[in-house]
Amino acid sequence: LSLGGCFIKVRGEVQEEEAIEVRFTVFGRDVICRGLAVWKTHGAVTHPKGIGVKFQPHDRAQKRVMKVVTHRLAKLSTLYRRSRYLMSQEDFAKTLAKLQAPLSKGE
């Protein structure tokens, strides 16, 4: 997931250049993004079947939410990859809970 698009695993057939509307909830916020399927994979052992979606430009409020969400997801990813073995279990759990908390109204 990024400001520009995302990859989505799909079972059904989606054609390239097909209009897509992606709806999901992350950190307690409902997000709706419109875009186009710009590429697809057919599935293999190392790559799941899915589509690459390029988002249409976001409105100002949606862009702000997406920036916060992608920033927080990057922090979560870094926490799992690097810090979980360097932190105490208690510190890791506290940091993880803080990053997974719902977004506040100002975010």
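The notes below deal with the structure included here. (Residues numbered from 1 in each chain as written. Predicted model: local features only at pLDDT ≥ 70, side-chain atom pairs only at ≥ 80, totals over all residues. Heavy atoms only, no water.)

**Section: the overall build of the protein chain**
- Looking only at helices and strands, the protein chain has 2 helices and 4 strands in total.
- Along its sequence from the N terminus, the protein chain presents helices and strands in the succession β-β-β-β-α-α.
- Its C-alpha atoms give the protein chain principal-axis dimensions of about 45 × 40 × 15 Å.
- A buried classification covers 28% of the 107 residues belonging to the protein chain.
- Of the contacts made within the protein chain by residues no fewer than 6 positions apart, 57% connect residues no fewer than 24 positions apart.
- If you sum the accessible surface of the protein chain, you get close to 7700 Å²; carbon and sulfur atoms cover 54% of it.
- Between the averaged position of the 20 positive side-chain charges in the protein chain and that of its 10 negative side-chain charges there is a distance of 6 Å. (Helix = DSSP H or I, 4+ residues; strand = E, 2+ residues; numbered from the N terminus. Buried < 20%, exposed > 50% of the residue type's maximum accessible area, 1.4 Å probe, protein only. Contact = heavy atoms within 4.5 Å. Areas by Shrake-Rupley, 256 points an atom, 1.4 Å probe, with all protein chains shown as cover. Lys, Arg positive; Asp, Glu negative; His and termini not counted. Charge placed at Lys NZ, Arg CZ, Asp CG, Glu CD.)

**A word on helix 2 (residues 89-100)**
- The terminal C-alpha atoms of helix 2 lie 16 Å apart, and with 12 residues this matches the ideal 16 Å at 1.5 Å per residue to within 8%.
- Taken residue by residue, helix 2 has Phe 92, Leu 96 and Leu 99 as its buried positions. For helix 2, the arc enclosing every buried residue in end-on projection is 65°, short of the 170-degree limit, so these residues lie on one face. Pointing more than 90 degrees away from the buried face of helix 2 are the exposed residues Glu 90, Lys 94 and Lys 98.
- Where helix 2 is buried, its residues contact helix 1 (60-83). (Expected span 1.5 Å × (residues − 1). Arc of directions from axis to C-beta.)

**Examining the sheet that holds strand 3 (residues 29-41)**
- Read across the open sheet, the 4 strands follow the order 1-4-3-2; overall the sheet is antiparallel. The strands lining the two open edges of the sheet, one partner per strand, are strand 1 (5-9) and strand 2 (19-26). The average angle at which neighbouring strand axes cross in this sheet is 40°, direction not considered.
- Judged from the 6 bridges that link them, strand 3 and strand 4 (residues 50-55) form a sheet pairing that is antiparallel. Pairing of Trp 39 across the sheet is with Gly 52, part of strand 4.
- Helix 1 rests against strand 2, strand 3 and strand 4 of the sheet, and its axis sits at about 80° to strand 3. (Pairing = 2+ DSSP bridges. Axes fitted to C-alpha atoms, helices over the stretch in contact; angles between N-to-C directions.)

**Some remarks on the packing of aromatic side chains**
- Evaluated as defined, the whole model comprises 2 aromatic pairs.
- Considering the side-chain rings of Phe 7 and Trp 39, the 5.6 Å spacing of their centres and the 20° angle between planes classify their relative orientation as stacked. Of the two residues, Phe 7 is situated in strand 1 and Trp 39 in strand 3; the sequence distance between them amounts to 32 residues.
- On the numbers, 5.7 Å between centres and 80° between planes, the contact of Tyr 80 with Phe 92 is edge-to-face. Taken together, the positions of Tyr 80 in helix 1 and Phe 92 in helix 2 put the pair 12 residues apart, joining distant regions of the chain.
- Accessibility expressed as a relative area gives 36% for Tyr 80, which makes it partly exposed. (Phe/Tyr/Trp six-rings, centres within 6.5 Å; stacked < 30°, edge-to-face > 60°.)

Take it as geometry only, folks, not as evidence of what the structure does.
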